[in-house]
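Working through the structure, step by step
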Amino acid sequence: HGAIPEAPVTYNVIGNINEWQVTIGETTYGGREEMADSTGIMDYGSLIYVALQRSKTAREAIKVMTTIANTYGYNSEGETFTICDPNEAWIMEMMGKGAGSKGVVWVALRIPDNAVCAHANQSRIGKFNMKDKKNVMYAKDVVSFAREKGYFNGVNKDFSFSLAYAPLDFGARRFCEARVWSYFNKFTDNGKDYLPYIEGKTNTPMPLFVKPKHKLSVQDVKDMMRDHYEGTPLDISNDFGAGPYKTPYRLSPLNFKVDGQEYFNERPISTQQSGFVFVAQMRAHKPDPIGGVLWFGVDDANMAVFTPVYCCATKVPVCYTRVDGADYITFSWNSAFWIFNWVSNMVYPRYDLMIGDVREAQKEMETTFNNAQEGIEEMAAKLLAKDKNAAVDFLTNYTNMTAQSTFDTWKQLGTFLIVKYNDGVVKRVKDGKFERNSIGQPAGVMRPGYPKEFLQEYVKQTGDRYLVK
């Protein structure tokens, strides 16, 4: 879209975290179409990575992003950013002012230390305290611009960013806010109170943030990224659409028509269309090179393994790069993206039958990394006290080793799954190895067939066509 002046100093960035443990993530919510500025230079991705290169704190990142967007124009639709450092977590929402405007309206709120927040492709900042300078930042014209455009005509205290700039529709409620509900439902006891909003029975929105019923671990957040509404009224694994093997996925598009009537598929947190996923860990009680960890995985979060990528790392694991020219349409046996997609696409059609094997390997690797973390960081701290470069090299090597180890394990898992479930039968396994009979030949196979519920529906649909007479 254009160019901006280079900064005199930039910081190490790997993935979505920098050497000061500043982390930025995002979801796109769109909002009012007429507010997009196609002539701007900075799109949301460029804003993220430029801000990471130039910021030591979350507050500084907010200033960098808003200043650059106002100066050079913002070439994206409405965006929600999560901007965090070891001490503070902020959520910022931003929109352009229309073609050729080179300006943005925005508001940023600090999330309290005892709370959790979620956003999922719908604007979530409603009313905010304009007098709270410590925890709230916003564009000077965020309200007046809405009045000028006719989006709002009340008094300032009643102004809601989301209502003015991103009015709620069915898709925003069911495809986006529902995923936030799932997060809040999991970690609080208030899910039943918020469900009517998701079901369209009330327009009272959920709070921007909530206090969880227990302190969340890093693993809690990783596991939540794998959610498909299991065990809730929105669970999609037990109806006809789940197929015989109860797959918690639906093919896109989200909406479809039958006999002139429009229907929809649920859109859970975890989706097969994900490219990558991360959970960022930032810790103020540790030195920056050690404190910041981007737990990173490729493909669907439900099928991924989160490996530790330290914020000081100066080399990206080869399997996470475009090795062998790998991209969205170029397969490579050396690419983690393609190996994880290879495995997950074997599992999707026979999910309930095969997911246990994935879970076993996934849990083993993540538990290993979690248990090793303290010892690895103690060693890094000792090195850091003597030589920062030695500590950086150590954590860079560890980042690359864990990624490669995960890649190798997943390739082995793929070959294991092909053998175990080939042609619809299941090979017998004991102590991690395929069984053989007394004369050394492969043991007899199991034939699970279709689940009882599916067979009952099958007969219901086909009547006596396949009845043995």
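Residues numbered from 1 in each chain as written. Predicted model: local features only at pLDDT ≥ 70, side-chain atom pairs only at ≥ 80, totals over all residues. Heavy atoms only, no water.

1. Structural notes on the packing of aromatic side chains
Overall, the coordinates contain 29 aromatic pairs when judged by the stated rule. Measuring from centroid to centroid gives 6.4 Å for phenylalanine 184 and tyrosine 194, while their planes differ by 65 degrees, and the two rings are edge-to-face. Here the residue phenylalanine 184 occupies a position in helix α5 (residues 170-187), and tyrosine 194 occupies one in helix α6 (residues 191-198), the gap between them amounting to ten residues. When its relative accessible area of 15% is taken as the criterion, tyrosine 194 is described as buried. (Phe/Tyr/Trp six-rings, centres within 6.5 Å; stacked < 30°, edge-to-face > 60°. Helix = DSSP H or I, 4+ residues; strand = E, 2+ residues; numbered from the N terminus. Buried < 20%, exposed > 50% of the residue type's maximum accessible area, 1.4 Å probe, protein only.)

2. Digging into the packing of α5 against α6
Orientation of α5 relative to α6, taken along the N-to-C sense of each, is 180 degrees, at an axis distance of 10 Å. Between α5 and α6, the crossing angle belongs to the class labelled roughly antiparallel. Judged by residue contacts, Arg173, Arg174, Glu177, Ala178, Trp181, Phe184 and Asn185 of α5 engage Gly191, Lys192, Tyr194, Leu195, Tyr197 and Ile198 from α6. Residue composition of the contact of α5 with α6, by class: seven nonpolar, two polar and four charged. (Axes fitted to C-alpha atoms, helices over the stretch in contact; angles between N-to-C directions. Parallel < 35°, antiparallel > 145°, perpendicular 65-115°, else oblique. Contact = heavy atoms within 4.5 Å. Nonpolar A, V, L, I, M, F, W, Y, C, P; charged D, E, K, R; others polar.)

3. Some details on the sheet that holds strand β12 (residues 276-281)
An order of β12-β13-β14 is seen for the three strands of this open sheet, with the pairing classed as antiparallel. Two strands bound the open sheet, and with one partner strand each, they are β12 and β14 (307-310). Going across the sheet, the axis of each strand differs from the next one's by a mean of 30 degrees, ignoring polarity. As judged from the six bridges shared by β12 and strand β13 (residues 293-298), these two strands associate in the antiparallel manner. Each residue of the ladder has a partner; that of valine 279, found in β13, is tryptophan 295. (Pairing = 2+ DSSP bridges.)

4. Digging into the layout of surface pockets
The calculated volume of the second largest pocket comes to roughly 810 Å³. If you trace the second largest pocket, you find 27 residues lining it, with Gly275, Phe276, Phe296, Val298 and Tyr320 closest to the centre. Mapped onto the lining of the second largest pocket, the elements with two or more residues apiece are β13 and α9 (336-347). The class makeup of the residues in the lining of the second largest pocket is 15 nonpolar, nine polar and three charged. (1 Å grid on protein atoms, 1.4 Å probe; cavity = no way out; pocket = protein on both sides within 12 Å on 5 of 7 lines; lining within 4 Å. Points joined across faces, edges and corners; volume = space filled by probe spheres on them.)

5. A look at the pairing of strand β10 (residues 255-258)
Sheet topology places β10 next to strand β11 (residues 261-264); four bridges connect them, and they run antiparallel. Residue pairing across strands places phenylalanine 256 opposite tyrosine 263, the latter belonging to β11.

6. Re the pattern of salt bridges
As a working rule, side chains carrying opposite charge can pair if their charged atoms are close by. Applying the stated criterion across every chain yields a total of 17 salt bridges. Across the pair aspartate 141 and lysine 97 runs a salt bridge, and its minimum N-O distance is 2.3 Å. Separated by 44 residues along the polypeptide, aspartate 141 in the loop between β8 (136-138) and α3 (142-149) and lysine 97 in the loop between β5 (89-96) and β6 (104-111) bring together distant segments of the chain. Owing to a relative accessible area of 22%, aspartate 141 belongs among the partly exposed residues under this scheme. A salt bridge links aspartate 158 to lysine 157; the shortest N-O distance between them is 3.4 Å. Judged by its relative accessible area of 35%, aspartate 158 falls in the partly exposed class. Given the relative accessible area of 64%, lysine 157 is considered exposed. Counted as one network, the salt bridges with shared partners bring together Arg59, Glu88, Arg110 and Asp113. (Salt bridge = Lys/Arg side-chain N within 4 Å of Asp/Glu carboxyl O.)

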